[in-house]
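Fold and geometry: a report
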Amino acid sequence: MRRVMTAIACIEDLQKLAKRRVPRMFYDYADSGSWTESTYRANESDLAAIKFRQRVALDVSNRTTEMSMLGQKLPMPVALAPTGLTGMQHADGEILAAKAAAEFGVPFTLSTMSICSIEDVAEHSPTPFWFQLYVMRDRDFVSRLIERARDANCSALMVTLDLQLMGQRHKDVRNGLSAPPKPTFRNILNLMQKPAWCLGMLGTKRWQFGNIVGHVKGVKDMSSLADWTVSQFDPSLSWDDVAAIRKQWGGKLIIKGILDVEDALAAVNVGADAIVVSNHGGRQLDGAMSSITALPAIVEAIGDRAEVWMDGGIRSGQDVLRAIALGAKGTMIGRAFLYGLGAKGQAGVRQTLEIIHKELDLTLGLCGQSDLAKVDSSILLE
């Protein structure tokens, strides 16, 4: 008899539930890195290696975890990162995640490669969200995406730069993940073991990449999408292209996918309001350094010219505190909220945020601190 999990204590508990509920190919898509997954593992292990100084007999009765990201005051410095195929973790996934983020009071970022479209999420989200842009070879499509984000009242544009070439993820190859997914016997058998997920998908019409299908000439369904997508990631992408996007957008600009100080400085020079120190969750260059390892040097180089945030490996409120202590002004979570979404839909995303906030608040107090915004590296052991 399968043991039923009766209480959710941490993000790992939500992860276990998501693995039970979500079909293998989609769970593995979210929970995988490229090649040997060494960078994916390092994102988590390098964070865990950072230890705190326990302090006592200090008044921590009036703690606050409030901080601002891009001028927006938040209950904690955490935003939901852009994740592709979110709507395949749970039916209408992007809409549910946006609602949960709005309910908690933190930003949600919609991916270019989302299942629900910009317009769909805007119709259902009670607050403005951020839109993440991949720069495709089809610059006319890119320009129209920017205008669609503007029309949807998106409050910031996030340009991801570390996907000029698609990293190989071995799990996706072995699972036959494609557009549309390959109907192998193994995949069909696995789907039959996920009845709740299947029922949810039967109850929605959102099954394809809503930002692309119907918006690109010749791409009318998932079958025609595959060839187009493979040919569209642009290895010739340059900072001049980013400058042109900056000029067209005109609003708050976030640059994501920065691990190197030189690239961070280039992002600031092109007009970034915020930089996300990120290795794409270990899904691109295997063997690259972890995000937390790259963070301090970039913080030092950028100073107050732009906000520096961190993405990669955050699975707890303690991880958020570690990043803030090393100079980050904000953090982003991807897999952590996907686990919650896959496990329990909108309620699971909300629970993810509640767990992280509680852990952050408790750890802040146990370190003898009351104001997260004033934390620095002195709370960490050498």
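Above this text sits the structure in question.
Residues numbered from 1 in each chain as written. Predicted model: local features only at pLDDT ≥ 70, side-chain atom pairs only at ≥ 80, totals over all residues. Heavy atoms only, no water.

Here strand β9 (residues 307–311) lies mainly inside the structure; five of its five residues are buried. Neither face of β9 is left uncovered, since the one carrying E307, W309 and D311 and the one carrying V308 and M310 both have all their residues buried. Taken together, strand β8 (residues 274–277), helix α13 (residues 291–302) and β9 constitute a β-α-β crossover, and its handedness is right-handed. Taken together, β9, helix α14 (residues 317–325) and strand β10 (residues 330–333) constitute a β-α-β crossover, and its handedness is right-handed. (Buried < 20%, exposed > 50% of the residue type's maximum accessible area, 1.4 Å probe, protein only. Helix = DSSP H or I, 4+ residues; strand = E, 2+ residues; numbered from the N terminus. Right-handed = clockwise from strand over helix to strand, strands pointing away.)

Okay, the layout of surface pockets next. Volume-wise, the second largest pocket comes out at about 500 Å³. Forming the boundary of the second largest pocket are 22 residues, of which L161, D162, L163, Q164 and G257 lie nearest the centre. Secondary structure elements with two or more residues in the lining of the second largest pocket: α11 (239–249) and β7 (253–258). (1 Å grid on protein atoms, 1.4 Å probe; cavity = no way out; pocket = protein on both sides within 12 Å on 5 of 7 lines; lining within 4 Å. Points joined across faces, edges and corners; volume = space filled by probe spheres on them.)

Using the criterion set out here, one finds five aromatic pairs in the structure. Between W130 and W309 the ring centres are 5.4 Å apart and the planes differ by 15°, which places this aromatic pair in the stacked class. In this pair, W130 is assigned in strand β5 (residues 130–134) and W309 in strand β9, connecting sequence segments 179 residues apart. Over the aromatic face of Y29 sits the side chain of R283, whose NZ or CZ is 4.6 Å from the ring centroid. R335 extends its terminal NZ or CZ atom over the ring of Y40, reaching a point 4.0 Å from the ring centre. (Phe/Tyr/Trp six-rings, centres within 6.5 Å; stacked < 30°, edge-to-face > 60°. Lys NZ or Arg CZ within 6 Å of the ring centre and 35° of its normal.)

With that settled, the discussion passes to the environment of V268. Take V268: it is sitting in helix α12 (residues 261–269). Since its relative accessible area comes to 11%, V268 is described here as buried. Residues V268 and I302 lie 34 residues apart in sequence; the distance between their C-alpha atoms is 7.8 Å.

Turning next to empty space enclosed by the protein. All told, the structure shown has one cavity of 30 Å³ or more when counted by the stated rule. The computed volume of the largest cavity comes to approximately 60 Å³. Around the largest cavity sit Y134, V135, T160, L161, D162, L163, Q164, F233, D234 and L237, which together line it. Tallied by class, the residues present in the lining of the largest cavity amount to six nonpolar, two polar and two charged. (Nonpolar A, V, L, I, M, F, W, Y, C, P; charged D, E, K, R; others polar.)

Across all of its chains, the model carries 16 salt bridges by this definition. Among the salt bridges present, the one from K171 reaches E37, with a minimum N-O distance of 3.7 Å. Within this pair, whereas K171 is found in helix α7 (residues 170–175), its partner E37 is found in the loop between α2 (24–30) and α3 (38–48), the two being separated by 134 residues in sequence. Note on K171: relative accessible area 27%, which makes it partly exposed. By relative accessible area, which is 15% here, E37 ends up buried. Residues K256 and D311 are paired through a salt bridge, measuring 4.0 Å at the closest nitrogen-oxygen approach. Taken together, the residues K256 in strand β7 and D311 in strand β9 connect sequence positions 55 residues apart. Side by side, K256 and D311 carry an identical accessibility label, which is buried. Connected via shared salt-bridge partners are D92, D120 and R206. (Salt bridge = Lys/Arg side-chain N within 4 Å of Asp/Glu carboxyl O.)

The backbone of L85 sits at a positive phi, close to 60°, despite the residue not being glycine. Tracing the backbone shows L85 in the loop between β3 (78–80) and α4 (93–104). One non-glycine residue, H280, lies in positive phi territory at about 65°. Position of H280 among the secondary structure elements: in the loop between β8 and α13.

Here we come to the packing of helix α6 (residues 139–151) against α11. The geometry of α6 relative to α11 is characterised by a closest axis approach of 10 Å and an angle of 35° between their N-to-C directions. The chirality of how α6 crosses α11 is right-handed. In this structure, α6 uses R139, S143, I146, E147, A149 and R150 to contact α11, whose residues at the interface are D241, I245, Q248 and W249. Here the residues of the contact of α6 with α11 are counted per class, giving four nonpolar, two polar and four charged. (Axes fitted to C-alpha atoms, helices over the stretch in contact; angles between N-to-C directions. Left-handed = near helix turned anticlockwise from the far one by under 90°. Contact = heavy atoms within 4.5 Å.)

Remember that the coordinates give geometry; whether it matters functionally is a separate question.
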